[in-house]
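Spelled out, the chains give:
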Amino acid sequence: GQQVMQIPQYQHVQEGEDFTTYCNSSTTLSNIQWYKQRPGGHPVFLIQLVKSGEVKKQKRLTFQFGEAKKNSSLHITATQTTDVGTYFCAGPVAFGTGTRLTIIP
Amino acid sequence: SAVISQKPSRDICQRGTSLTIQCQVDSQVTMMFWYRQQPGQSLTLIATANQGSEATYESGFVIDKFPISRPNLTFSTLTVSNMSPEDSSIYLCSAQGHREAFFGQGTRLTVV
């Protein structure tokens, strides 16, 4: 079945530093979605990527979908304490393993 | 967008008993799903709740243990049957929107 791995599993950064999480699927994805889950909360949708090589930006967040549609990345510029949480990518069938971001003020 | 009300938010249950979790969506949705999430882990899909027919279960999950109902397009229940401590987890329902999945607030289940 489809497996979606993310690296790193954990990331601790100083406030103001950048952060990137990478998502890799064992199979080609028709689309990929990204979610953020705050501690104690539920996953909240961030964005969906559909096209090969697609890049989308949301303020300080940049999302990329690989040319082969098997990988994706989320980059956060100049992290803030509000960025704390676990970021999941998700294919149509499976969620990624997640990257937990903590911020050192 | 859709708003999902999930209850209970948490419960502590005795082993051998059953708990039914309910999810109410504020609009009609075609697809609803049930997930399990261990603390600090990713979401694992339990099953797809199909309206008017039996749920579709993922590998490792069976109907006898996790019976699901979907009587209409806005409501679904998941029952965790004959619970053991290994069933302690967070259970989440979700509804598929046009692009994204919307999630309930989750049910934190502890089995003692």
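Residues numbered from 1 in each chain as written. Chains lettered and ligands numbered in written order. Predicted model: local features only at pLDDT ≥ 70, side-chain atom pairs only at ≥ 80, totals over all residues. Heavy atoms only, no water.

1. Re the overall build of chain A
When helices and strands are tallied, chain A shows zero helices and ten strands. When the elements of chain A are put in sequence order from the N terminus, they spell out β-β-β-β-β-β-β-β-β-β. Projected onto its principal axes, the C-alpha positions of chain A cover 40 × 25 × 20 Å. Put simply, chain A has 105 residues, and 48% of those count as buried. Nonlocal contacts in chain A, meaning residues at least 24 apart in sequence, comprise 52% of its contacts between residues at least 6 apart. Of the roughly 5200 Å² that chain A leaves accessible, carbon and sulfur atoms contribute 52%. (Helix = DSSP H or I, 4+ residues; strand = E, 2+ residues; numbered from the N terminus. Buried < 20%, exposed > 50% of the residue type's maximum accessible area, 1.4 Å probe, protein only. Contact = heavy atoms within 4.5 Å. Areas by Shrake-Rupley, 256 points an atom, 1.4 Å probe, with all protein chains shown as cover.)

2. Some points on the packing of aromatic side chains
All names here are of chain B. Within the structure shown, the criterion is met by eleven aromatic pairs over all chains. On the numbers, 5.6 Å between centres and 65° between planes, the contact of F61 with F66 is edge-to-face. Here the two residues F61 and F66 agree in accessibility, since each one is buried. Plain terms: the ring middles of F66 and Y91 are 6.5 Å apart, the flat faces sit at 45° to each other, and that makes the pair tilted. On the criterion of sequence distance, the pair formed by F66 in the loop between β6 (56–57) and β7 (68–72) and Y91 in strand β9 (residues 89–96) is long-range, its members being 25 residues apart. (Phe/Tyr/Trp six-rings, centres within 6.5 Å; stacked < 30°, edge-to-face > 60°.)

3. Concerning the interface of chain A and chain B
Across the contact, 13 residues belong to chain A and 15 residues belong to chain B. With both sides pooled, the region where chain A packs onto chain B buries about 1200 Å², and carbon together with sulfur makes up 56% of that total. Considering only the surface of chain A that becomes buried against chain B, H42(A), F45(A) and F95(A) emerge as the three largest contributors, covering 40% of it. Inspection of the chain A/chain B interface yields zero salt bridges. Here chain A and chain B share three residue pairs in polar contact (both at pLDDT 80 or more) between them. For the side of chain A that touches chain B, the class distribution of residues is six nonpolar, six polar and one charged. (Buried area = accessible area lost by both parts, 1.4 Å probe. Salt bridge = Lys/Arg side-chain N within 4 Å of Asp/Glu carboxyl O. Polar contact = N/O pair within 3.5 Å; in protein donor to acceptor, adjacent residues only side chain to side chain. Nonpolar A, V, L, I, M, F, W, Y, C, P; charged D, E, K, R; others polar.)

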